[in-house]
Structures are given as structure tokens and as C-alpha cells.
Amino acid sequence: MSDSFDVLWLNASPALKRFDKPLLQYLSAYMRIAQWQYQQTKDEASSIDQAVELLYDFLKWRDRPVHLAGHGMSGAIALTFARQFPQKVRSLILLAVAAQPANNWQAHYYFQRQLFSISRELVLASSVRSLFGNQPPHTTKKLVAALDRDLEQSPSPHSLFKLVYLPKGGVSMPMMVCGSKSDPVVNSTVLHDWLNWLKPEDKLWECPEGYHFFHYFYPQQVGEEILSFWKRHHLHLVEASALSFSSSTN
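Residues numbered from 1 in each chain as written. Predicted model: local features only at pLDDT ≥ 70, side-chain atom pairs only at ≥ 80, totals over all residues. Heavy atoms only, no water.

Draft legend 1. Main features of helix α4 (residues 105-115). Along α4, the residues that are buried comprise Trp105, Gln106, Ala107, Tyr109 and Tyr110. For α4, the elements touching its buried residues are α5 (120-132) and α6 (137-153). Where α4 begins, the side chain of Asn104 points an oxygen toward the backbone nitrogen of Gln106, at a separation of 3.2 Å. (Buried < 20%, exposed > 50% of the residue type's maximum accessible area, 1.4 Å probe, protein only. Helix = DSSP H or I, 4+ residues; strand = E, 2+ residues; numbered from the N terminus. Contact = heavy atoms within 4.5 Å. Polar contact = N/O pair within 3.5 Å; in protein donor to acceptor, adjacent residues only side chain to side chain.)

The structure is reproduced here in C-alpha cells:
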């Protein structure tokens, strides 16, 4: 296991994992990437603690730290893990994660449900427009279904009865925080709150467009920025992984 991968990409939203694929395909040409997936069952309490514990069980026998990355709720899990087990994490990449890590799309969904007397379906349809931009009706229908499943399957602690907050703060290892200027959930103001916690070696970057799932719409642009961050801190690792990939394809 120790030499099988350099980067561990977390996914705690099975219904939305398809939106990670273009970026992972791009990065896998340069780095050895593994995916770790978590799906909450209906019998479990809505908490990220179980996911963090299971992630530790997966990594506890690894003999060197890993580059950890995740989007949205998965990024919040990565952040929580990095704070609790810093010896296991070499660097941290967060996509669409606010400085208040619980401020995700589900928090916005439940806030609207609390504020307005409108149905689950109408709020989800509105969420599709916010998260993905205007889409054709058949695509909107599929995305509504995906968000609906995510409400059931991901370990977000929010509910109609209560919005939960997670601790703010940074981490000890190098960290990159990525967002999108057109993301209404983790907007520029929310994203720039990270500046209160970043270290000199950390990086904050915004994609010009792409809404909440900007890494799906602009995988190469996002991937280039992430690779640049990794090269700045671990140049030999990226070069060695790229050389290994090139040799395997010849």
C-alpha cells in the first residue's frame, strides 16, 4: 500500500462523484491517485466523525503521509482528518470548501426550506440552477435526482431542524483552497475568509467560472493549478510520477 498512490481523493457523495471524474482523469496523467469513498447508511447518524474514523483505519498502516484532496463535504472531511491526524497528511487540497466548512450546498438547501414554504422539489430545482447554471429540462431532472440522493447518502450534519457548524481554522501542512467566482455557495467573500487562516506556503485560487462544480467544467485549468501547487512543494514527486506514466504508455 505504501507505494501504490501519492494522492488520495475523498468522495463522500456517491450521487455526485461523476463530477470529480474529469479532474481525476487529468491529474492521473501526472500523479498516482487513489479514490476513497464513503456512503452513509440510513441507520447512521448524520455526522462526519464516522467517515474520519474509517479514513484513519484505511491510512493508519501507510508508512508515509499522503496528499489529501476533496470537494465540498468530502473536502470538509479531508480538512477534519488533516487537523486530527496531521502526521498522515503531506498536503491538503480543498475545492469549494468554505472557511466555515459546514457551509455547503446542503446548508443552503435547508436554509431555503426553513425560510420559505416551498416544496423539496422546487428547492432542488432552484439548487440545480445555482450549482450548475441553466440546464436543459431533461438534464435538470437528472441533476435534481442526484441532489436528492445526495441529501440521503452524504454525511452532512444539516437537517430541516438544525444547521450545524464546524470549527474554523487552518492546518499545519501546506494547503490549497480552490473556488469559483460564479459559485453562489462558496462565493468569493466566503472563500476569501480563508485568508485569515492561510500560512505563507498556502494558496487560494479562484476559477473564473464553473459554478459550484467548477472542477467538472474546467478540469484542465483546475488541474494545472493543483499540479503547480504540488510542484512548488514536492517537485521531485510530480516529475517522478509523470515520468512513470510516460514510460507506461510508450
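Draft legend 2. Fine view of the confidence of the model for the protein. Per-residue confidence for the protein averages 89 on the pLDDT scale, and 89% of its residues sit at or above 70. Low confidence marks residues 242-250, where pLDDT is under 50. Its contacts with residues over four positions away, or in another chain, come to 4 contacts. (pLDDT = per-residue confidence, 0-100.)

Draft legend 3. Looking closely at a nonpolar patch on the surface. On the surface, a cluster of nonpolar side chains totalling about 490 Å² of accessible area is made up of Phe111, Leu115, Phe116, Ile118 and Leu122. Residue position: Ile118 is located in the loop between α4 and α5. (Patch = residues over 30% accessible without salt bridge, like charges linked within 9 Å, V, L, I, M, F, W, Y side chains within 5 Å. Areas by Shrake-Rupley, 256 points an atom, 1.4 Å probe, with all protein chains shown as cover. Salt bridge = Lys/Arg side-chain N within 4 Å of Asp/Glu carboxyl O.)

Draft legend 4. The arrangement of the environment of Gln37 in detail. Position of Gln37 relative to the elements: it lies in strand β2 (residues 33-37). Overall, Gln37 belongs to the partly exposed group, its relative accessible area being 42%. As a C-alpha pair, Gln37 and Pro14 span 23 residues in sequence and 7.5 Å in three-dimensional space. For Gln37, the side chain forms a polar contact with the side chain of Lys17, separated by 3.3 Å.

Draft legend 5. Structural context of the environment of Val190. For Val190, the location among the structural elements is in helix α7 (residues 188-192). In sequence terms Val190 and Ala99 are 91 residues apart; their C-alpha atoms lie 7.0 Å from each other. Non-local contacts of Val190, meaning those with residues more than four positions away in its chain, are made with Ala98, Ala99, Asn103 and Val185.

Draft legend 6. Representation of the packing of α4 against α6 within the structure. Axis separation between α4 and α6 bottoms out at 11 Å; the angle between their running directions is 95°. Our classification of the angle between α4 and α6 gives roughly perpendicular. Residue-level contacts link Trp105, Gln106, Tyr109 and Tyr110 of α4 to Leu147, Asp150 and Leu151 of α6. Tallied by class, residues from the contact of α4 with α6 come to 5 nonpolar, 1 polar and 1 charged. (Axes fitted to C-alpha atoms, helices over the stretch in contact; angles between N-to-C directions. Parallel < 35°, antiparallel > 145°, perpendicular 65-115°, else oblique. Nonpolar A, V, L, I, M, F, W, Y, C, P; charged D, E, K, R; others polar.)

Draft legend 7. Here's a closer look at the pairing of strand β3 (residues 66-71). Burial analysis of β3 places 6 of its 6 residues in the buried class, the great majority of the element. Side-chain alternation along β3 places Val66, Leu68 and Gly70 on one buried face and His67, Ala69 and His71 on a second face that is also buried. As paired strands, strand β1 (residues 7-11) and β3 are joined by 4 bridges and run parallel to one another. Residue pairing for β3: Leu8 is matched across the bridge by Leu68. Pairing analysis gives 6 bridges linking β3 to strand β4 (residues 89-95), with the strands arranged parallel. Bridge pairing in β4 links Val66 to Val89. Note on the crossover from β3 through helix α3 (residues 73-84) to β4: the handedness is right-handed. (Pairing = 2+ DSSP bridges. Right-handed = clockwise from strand over helix to strand, strands pointing away.)

Draft legend 8. Local environment of empty space enclosed by the protein. Tallied over the full model, the rule gives 1 cavity of 30 Å³ or more. The space that makes up the largest cavity amounts to roughly 150 Å³. For the largest cavity, the lining is made up of 16 residues, of which Ser13, Leu16, His71, Gly72 and Met73 are closest to its centre. Elements supplying a minimum of two residues to the lining of the largest cavity: α3 and α4. In terms of residue class, the lining of the largest cavity is made up of 4 nonpolar, 10 polar and 2 charged. (1 Å grid on protein atoms, 1.4 Å probe; cavity = no way out; pocket = protein on both sides within 12 Å on 5 of 7 lines; lining within 4 Å. Points joined across faces, edges and corners; volume = space filled by probe spheres on them.)

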